[in-house]
Amino acid sequence: MEMSQDNEQMQEALANTSHVKLSGCDIDGVARGKLVHVGKFAKAKDGLGFCNVVFAWDCHDVVYSPRDVPLADEETGFPDIVAVPDISSFRVVPWERNIPLFLVEFFDPKTSLPMPMCPRGLLKRIVKEGIDELGIKAFCGVEYEFFNFRETPESVAEKQGTNLTKLTPGMFGYSCTRPVLNANYFNGILDACNAMNIPLEGYHTETGPGVYEVAIQYSDPVTLCDNAHLFKTAAKSVGLQHGIMPTFMAKPHFNLPGCSGHTHVSISAIDLPGNLFDPATAANWSRQPSTPTTEGFEVPHTSHVLHWFLAGVLAAMPSMHAIFAPTINSYKRLVENYWAPITVSYGVENRTASIRLITPPTAPASATRLEIRVPGADANPYLTVAAILAAGYDGIRRQLPLPFPPAEIQKDLAGGRSGERRLARDLREATEEMAQEGSVARRVLGNAFVDHYVGTRRHEWRIWERAVTNWEVSRYFEVI
């Protein structure tokens, strides 16, 4: 860990504080952190100790079964792993007296290698593979939809998560007046993001009671995911100050649209300016197709590089689905008639497909990109982007052709058209798809990560299998 002498803001912040905040991302995308004395932080050249339980328990601090996650075996004693701060991630936390914040990655103290289940570390590995092996770099953006409720953690617990008070009534997307009703909260999020260098490209009400949407400005993958991860923390923290709780769960209401985490991706060559998804740029790249990238159909305004990348993501999507839809609730969003994708599909400006191609004339050629529409707002941004890039890079390496034509109008989403495949309907099905020997996820993300992630999702499913829901009680209590 090297202190940057040219970052005056960071040096000033460290000189005027007694403590710094260190924060890491767990497998569920939850921020796990602590305060550390500034003197200890300054001496931590090789990182600081952090209990490995952050990867051995679930989002409610229930320790996994060792049969699912060996890291959770009590006989190991839950030793420390090493949390290494990334100095380039510095920012201040405005709602905590501008305390300095640094994001960390987790390393194995015995091998000095990154912990395979560390989301930020996994993403950095995939980014490095793209640069080193293919000579390419990615640019990514993300949109989050989230419901907001006039509640506190105490009131939600008392109500057992039911009959929560919505922040505003009715459906009023893109309203110019509704934000005024809760201006301190709405503007507080914006102010916090500006103070934390989280650029919001767009911010507005979305259709649904108390729903907001943000578009986080595109950037390199790690910066984008840092900003996405911290945005959720900022929104929740600002909300607590105003008696408001935002939720990023995928489907808070059965009869309303869910909350998406649409992710945008384009790529460029290290040694060539321009967007490789633009045919004019891709024509000058060193990698040219030896065989056609489409057979009997055209995808206008798109390059052979886009076709390879897209084909890789399509091929990987079934085995990556548990990353894009990581919770029991995720699959309540991915149903017919709610603009939510349920098949392995793509289309030009088609919001019913799993992947939307944004091309001229809708966007300039330089902004040609893919919008992956399967992830929900509940997905871990680091894992989501890592999965997309790993799959797309695999498609480029293997020069995969597109397997079927783009969707025009998807009339029968449940069945799909020729060549399309229905995505998993629940977390168990998606998890077992990922777990299969030889799955694309195993090949491009590695067995160590997949084994850990599969164990955590099996744990989640078993808890759900034992749960008795409010729906069951209200439906069967009296009449059966």
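Located above this text is the structure these notes cover.
Residues numbered from 1 in each chain as written. Predicted model: local features only at pLDDT ≥ 70, side-chain atom pairs only at ≥ 80, totals over all residues. Heavy atoms only, no water.

Caption draft 1: Looking closely at unusual backbone geometry. At the junction of P360 and P361, the peptide bond is cis and its omega measures out at 5° in the coordinates. Within the secondary structure, P361 is located in the loop between strand 13 (355-358) and strand 14 (369-372). For N163, which is not glycine, the phi dihedral falls at a positive 50°. If you trace the backbone, N163 turns up in the loop between helix 4 (153-159) and helix 5 (178-181). Phi is positive for E349, which is not a glycine, with a value near 50°. Take E349: it is sitting in the loop between strand 12 (346-348) and strand 13. (Helix = DSSP H or I, 4+ residues; strand = E, 2+ residues; numbered from the N terminus.)

Caption draft 2: Seen up close, the state of the cysteines. Summed over the entire model, instances satisfying the criterion amount to zero disulfides. Here C59 is not cross-linked by a disulfide; its sulfur's nearest cysteine counterpart is in C25, at 13 Å. Taking relative accessible area as the criterion, C59 reaches 34% and is therefore assigned partly exposed. (Disulfide = S-S within 2.5 Å. Buried < 20%, exposed > 50% of the residue type's maximum accessible area, 1.4 Å probe, protein only.)

Caption draft 3: Representation of the packing of aromatic side chains. All told, the structure shown has 20 aromatic pairs when counted by the stated rule. Measuring from ring centre to ring centre gives 5.8 Å for W471 and Y476, while their planes differ by 85°; the resulting arrangement is edge-to-face. Its relative accessible area of 51% is what places W471 among the exposed residues. Judged by relative accessible area, which is 38%, Y476 ranks as partly exposed. Three or more aromatic residues joined by ring pairs form one cluster here, namely Y144, F146, Y185, F186, Y203, Y212, F231 and F248. (Phe/Tyr/Trp six-rings, centres within 6.5 Å; stacked < 30°, edge-to-face > 60°.)

Caption draft 4: Structural detail: the packing of helix 12 (residues 427-435) against helix 14 (residues 447-466). Orientation of helix 12 relative to helix 14, taken along the N-to-C sense of each, is 160°, at an axis distance of 10 Å. For the element pair helix 12 / helix 14, the angle class is roughly antiparallel. The crossing of helix 12 and helix 14 is left-handed. Together, L427, R428, T431, E432, M434 and A435 of helix 12 and V450, Y453, V454, R457, R458, E460, W461 and E465 of helix 14 make up the contact between the two elements. Taken together, the residues that form the contact of helix 12 with helix 14 break down as seven nonpolar, one polar and six charged. (Axes fitted to C-alpha atoms, helices over the stretch in contact; angles between N-to-C directions. Parallel < 35°, antiparallel > 145°, perpendicular 65-115°, else oblique. Left-handed = near helix turned anticlockwise from the far one by under 90°. Contact = heavy atoms within 4.5 Å. Nonpolar A, V, L, I, M, F, W, Y, C, P; charged D, E, K, R; others polar.)

Caption draft 5: View of the environment of L272. Within the secondary structure, L272 sits in the loop between strand 11 (263-269) and helix 8 (279-282). The class for L272 is buried, based on a relative accessible area of 19%.

Caption draft 6: Geometry of the pattern of salt bridges. A full pass over the atoms with the stated rule returns 24 salt bridges. With a shortest N-O distance of 2.9 Å, R32 and D61 are connected by a salt bridge. Linking R32 in strand 2 (residues 31-37) with D61 in the loop between strand 3 (48-51) and strand 4 (80-85), this pair joins segments that are 29 residues apart in sequence. (Salt bridge = Lys/Arg side-chain N within 4 Å of Asp/Glu carboxyl O.)

Caption draft 7: Quick look at the side chain of H264. Within the fold, H264 resides in strand 11. We classify H264 as buried; its relative accessible area is 11%. A polar side-chain atom of H264 sits 2.5 Å from a polar atom in the side chain of E143. In this structure the side chain of H264 is engaged in a polar contact, spanning 3.0 Å, whose partner is the side chain of R369. If we ignore the near neighbours within four places in the chain, the residues touching H264 are F139, C140, G141, E143, I358, R369, L370 and E371. (Polar contact = N/O pair within 3.5 Å; in protein donor to acceptor, adjacent residues only side chain to side chain.)

Caption draft 8: Summary view of a nonpolar patch on the surface. Taken together, the side chains of W471, Y476, V479 and I480 present a nonpolar region at the surface, about 510 Å² in accessible area. Its location among the elements puts Y476 in helix 15 (residues 470-476). (Patch = residues over 30% accessible without salt bridge, like charges linked within 9 Å, V, L, I, M, F, W, Y side chains within 5 Å. Areas by Shrake-Rupley, 256 points an atom, 1.4 Å probe, with all protein chains shown as cover.)

Caption draft 9: How the structure looks around the nonpolar core. Counting 144 residues, the largest nonpolar core has F231 and F309 as the members making the most contacts within it. Sorting elements by how many residues they give to this core places helix 9 (residues 304-324) first, with 14 residues. Not counting residues up to four positions away in its chain, the partners in contact with F309 are V265, I267, F277, L370, I388, L389, G392, Y393 and I396. (Core = buried A, V, L, I, M, F, W, Y, C linked by side-chain atoms within 4.5 Å.)

Caption draft 10: Up close: the environment of L423. Considering the arrangement of structural elements, one finds L423 in the loop between helix 11 (381-398) and helix 12. Of the residues examined, L423 reaches a relative accessible area of 2% and is grouped as buried. Through-space distance from the C-alpha of L423 to that of N52 is 33 Å; in sequence the pair is 371 residues apart. The residues contacting L423, other than those within four sequence positions of it, are M317, P318, H321, I342, T343, V344, S354 and V374.

Caption draft 11: Looking closely at the side chain of D226. Positionally, D226 belongs in helix 7 (residues 221-241). Within polar-contact distance, the side chain of D226 engages the side chain of R120 at 2.8 Å. Looking at D226, its side chain comes within polar contact range of the side chain of Y382, at 2.6 Å. D226 has contacts with S89, R91, L103, R120 and Y382, leaving out every residue within four places of it along the chain.

Caption draft 12: Region of the structure containing the pairing of strand 3. Residues L48 and F50 line the buried face of strand 3, whereas the alternating positions G49 and C51 sit on a face that is not buried. Bridge count between strand 3 and strand 4: four bridges; the pairing is antiparallel. In the sheet register, C51 faces strand 4, and the bridge partner there is D80. (Pairing = 2+ DSSP bridges.)

Caption draft 13: Inspection of the packing of helix 9 against helix 12 at higher detail. Two numbers describe how helix 9 lies on helix 12: the axes approach to 7 Å, and their chain directions differ by 125°. With respect to each other, helix 9 and helix 12 are oriented oblique. Considering how the two elements wind past one another, helix 9 and helix 12 form a crossing that is left-handed. When helix 9 is examined against helix 12, the residues P318, S319, H321, A322 and I323 are found in contact with a partner set consisting of L427, A430, T431, E433 and M434.

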